[in-house]
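Overview (structure and organization)
Letter by letter, the chains look like this.
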Amino acid sequence: MALQVWERPTVFFHLLLSLAAMLLFAGCQTHKPHPETTASDETRQIKRVAVVGFKAAIPERNGPEVFLNPVTGSALMSYPVPRFAVEGLTDELFSRLIAQRKWEFIPPGQARGVIANILGSDKDVGMPQVAILQKVGETFGADAVLSGYIYRWREREGTDFAAKRPASVAFDLYFVNPSDGSVMWRRNFNKTQQSLFENLFDLDTYVKSSGRWLTAGKLAIIGLEKMVGEMPGPPKKSKE
């Protein structure tokens, strides 16, 4: 099978001219509402967040299957996710949250410690996932609990400039209200990298990748960066 490669810069330059015209035309079309939840009065009141981080929808060594998110109710075909991906993306999420300084945070280690105690308690056997997140929030007096699932983590086969199979990732993030278990805000990222010729409207990924085929980790960072940037709430003021 022939390797896929990025186009020459000269071809890319001429393609941009056509792309600009297409985007201008698309911008004149009727805008459809975004299906994901937006900032609400609840999210504007958030001051403290318990960060649980990510969890694998399908653990390693388990077969692919349709996974029903017990918190949001959404369903997606999911594949085994390696542990390092869960831990690495959670660490990256927390680092970016701290850098934004929007709220006071309870770190993932402390939040997961509470979850471990809940799962190890006989009286809490079979507790729904939403109830577990609520209990985490209540334990720390948090206004919201931040969690999400990784549904797919497929690594690139090839190099930065030639790939037999591109990286592909899918994950989501959401705020859960500890008082009633409702989802206050959510976003999802589901992407398989493509060349610009394959997808003319994926210019953002092309630019951020600098014309390279990304690893699964680097592709996931693009989605995570976008999600964190879209989180509600004003930036937390720095201390003088």
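Model, not experiment: these values are computed from the prediction.

Side note on the overall build of the chain
Secondary structure summary: the chain contains seven helices and 10 strands in total. Across the chain, contacts joining residues at least 24 apart in sequence account for 72% of those joining residues at least 6 apart. As presented, the chain carries roughly 13400 Å² of accessible surface, and 56% of it is formed by carbon and sulfur atoms.

Considerations on the layout of surface pockets
Computed from the structure, the largest pocket encloses a volume of approximately 450 Å³. Looking at the largest pocket, it is lined by 18 residues, and the ones nearest its centre are Phe54, Lys55, Ala56, Val86 and Arg112. A class-by-class count of the residues in the lining of the largest pocket yields 11 nonpolar, two polar and five charged.

Thoughts on the nonpolar core
Within the largest apolar cluster, 35 residues are counted, with the highest numbers of intra-cluster contacts made by Phe54, Leu93, Trp153, Phe171, Leu173, Phe175 and Met231. Looking at this core, the elements with two or more residues in it are strand E2 (48–56), helix H3 (83–100), strand E6 (144–154), strand E9 (168–176), strand E10 (183–192) and helix H7 (216–229). With seven residues, the top contributor of residues to this core is H7. Sequence-distant contacts of Phe54, defined by excluding residues within four places in its chain, comprise Val86, Leu89, Thr90, Leu93, Arg112, Gly148, Tyr149, Ile150, Phe171, Asp172, Leu173 and Leu224. Counting residues in each nonpolar core, the second largest holds 23 residues, with Phe67, Val114, Ile132 and Leu133 among its members.

How each quantity is defined
- Counting from 1, residues in each chain are numbered in the order their sequence is written.
- At least 70 in pLDDT is required for a residue's local features to be given in this predicted model, at least 80 for side-chain atom pairs to be given and counted, and no such filter applies to totals for whole chains, interfaces and linings, which use all residues.
- Only hydrogens and water are set aside; all other atoms, that is, all heavy atoms of the structure, feed into the side-chain values.
- Note on conventions: DSSP H or I runs of at least 4 residues are helices, E runs of at least 2 residues are strands, and numbering of each starts at the N terminus.
- Whether two residues are in contact is decided by their heavy atoms: any pair within 4.5 Å suffices.
- Surface accessibility follows the Shrake-Rupley procedure with a 1.4 Å probe radius. Residue values consider only the protein chains on display as shielding.
- Here a cavity means grid points, on a 1 Å grid over the protein atoms only, where a 1.4 Å probe fits yet cannot get out; a pocket means an open set of points with protein on both sides within 12 Å along at least five of seven lines; lining residues are those with an atom within 4 Å of a point.
- Grid points are joined across faces, edges and corners, and a volume is the space filled by probe spheres set on the points.
- Classification convention: Asp, Glu, Lys, Arg as charged; Ala, Val, Leu, Ile, Met, Phe, Trp, Tyr, Cys, Pro as nonpolar; all other residues, Gly among them, as polar.
- Put simply, buried Ala, Val, Leu, Ile, Met, Phe, Trp, Tyr and Cys residues joined by side-chain atoms within 4.5 Å make one nonpolar core.
- Residue burial is assigned from relative accessible area. The probe radius is 1.4 Å, only protein chains are included, and a residue is buried under 20% of its type maximum, exposed over 50%, and partly exposed in between.

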